[in-house]
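# Coordinates in review
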Amino acid sequence: MTQITYAGVTVDVNEEGYFTNPSQWTRDIAAEIAKEEGIVLTDQHYAIIDFLRSRHNNGEALSIRSINHSGIIDVKTFYQLFPGAPLKKATKIAGIPKPSSCI
Amino acid sequence: MESNNPIKKVNIICAKAAIEDVYAALVMGNGAVMEGIEANLFFTFFGLDAIVKNRMDKPHTAVVGNPGLRLPGGLRMPTLLGVIPGMEAMTSSMMLSTMEKLDIPPVSEFLELIKAGGGKIYACKLAMDMFKFTKEDLWDEVDGVLTVGEFYALAGGEGSHIIFT
């Protein structure tokens, strides 16, 4: 178990930097992780982060397809908001485990 | 998990129309863009069906000559059962609905996900001529019709791989 301090709070993460305890997450922490990824969070980012967190809390699987069902943004915008590997980056910033889905 | 020679681009060739062939190409293509890897999908021969407008969302799997196919319960599908009219359509639609339950989208939606991630979809010129398809027959979002030379030209680059499904 590794610990990292974000925004003055020490959190538990796995070897890839994903939170092992999503309840330690705060919006300020998200902004700091995003900065490491080169992303400045906007309201739109936070809206999709909230969507991902609530899906995770409800035990629903996260897939790239589920972003289209979010009613917030479409998949294309998702790729623009979190360039590169969007689902991996967004879940890391959202303080939830890395999705194990292939879709 | 990090490697010194990361894959930067995949060029995936799909030459067959069966569910398992088309979806292998789609899963690998979408998986690539999800990881930030550039993806070019090239559909040729029977694989063209996956990007032909009125055919793309109705792929079938073989019920005759498919030793991997099993009946519910795990027994192998007898070849003679496969020749019953409608068996292939029924088996294929059962398979697609099982996939839908796992959040695996229909072909056209899957291609849209790949495009949303910056992936490119191409048709093979020779196969188009063979099957007498025109550009109008193809899915509207196909990026182009390529010769094999043009395919190789865009497949180049460090960390680029060609995958034949």
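Here is a short report on the structure shown in this document.

## Brief notes about the side chain of Arg65(A)
By the element assignment, Arg65(A) lies in helix α3 (residues 64–68). One polar contact links Arg65(A) to Glu100(B), side chain to side chain, over a distance of 3.2 Å. A distance of 2.8 Å separates a polar atom in the side chain of Arg65(A) from a polar atom in the side chain of Glu109(B).

## Section: the pattern of salt bridges
On inspection of all chains with the given rule, the structure shows 12 salt bridges over all chains. Of the charged contacts, one joins Arg65(A) and Asp103(B) as a salt bridge, the two residues approaching to 3.0 Å between their closest N and O atoms. Of this pair, Arg65(A) sits in helix α3 while Asp103(B) is found in the loop between α3 (87–101) and α4 (107–116), placing the two residues in two different chains. Salt-bridge contacts for Lys53(B) lead to Asp140(B); the nearest nitrogen and oxygen are separated by 3.4 Å. Here Asp140(B) lies in the loop between α5 (125–130) and β4 (144–146) and Lys53(B) lies in the loop between β2 (38–43) and α2 (79–82), a separation of 87 residues in the sequence.

## Digging into the interface of chain A and chain B
Of the residues lining the interface, 14 residues belong to chain A; the matching set on chain B comes to 16 residues. Regarding the contact of chain A and chain B, the summed buried area is about 1,400 Å², with carbon and sulfur atoms giving 56% of it. Of all residues in chain A, Arg65(A), Tyr79(A) and Ile103(A) give up the largest surface area on contact with chain B, accounting jointly for 50% of the area buried on that side. Counting across the chain A and chain B interface gives four salt bridges. The salt bridge involving Glu109(B) is made with Arg65(A); its shortest N-O contact spans 2.8 Å. Viewed at the interface, chain B and chain A are joined by six residue pairs in polar contact (both at pLDDT 80 or more). Residue assignment for the side of chain A that touches chain B shows that the elements contributing at least two residues are α3, α4 (75–81) and α5 (86–93) of chain A.

Cut-off values and rules
Residues numbered from 1 in each chain as written. Chains lettered and ligands numbered in written order. Predicted model: local features only at pLDDT ≥ 70, side-chain atom pairs only at ≥ 80, totals over all residues. Heavy atoms only, no water. Helix = DSSP H or I, 4+ residues; strand = E, 2+ residues; numbered from the N terminus. Polar contact = N/O pair within 3.5 Å; in protein donor to acceptor, adjacent residues only side chain to side chain. Salt bridge = Lys/Arg side-chain N within 4 Å of Asp/Glu carboxyl O. Contact = heavy atoms within 4.5 Å. Buried area = accessible area lost by both parts, 1.4 Å probe.

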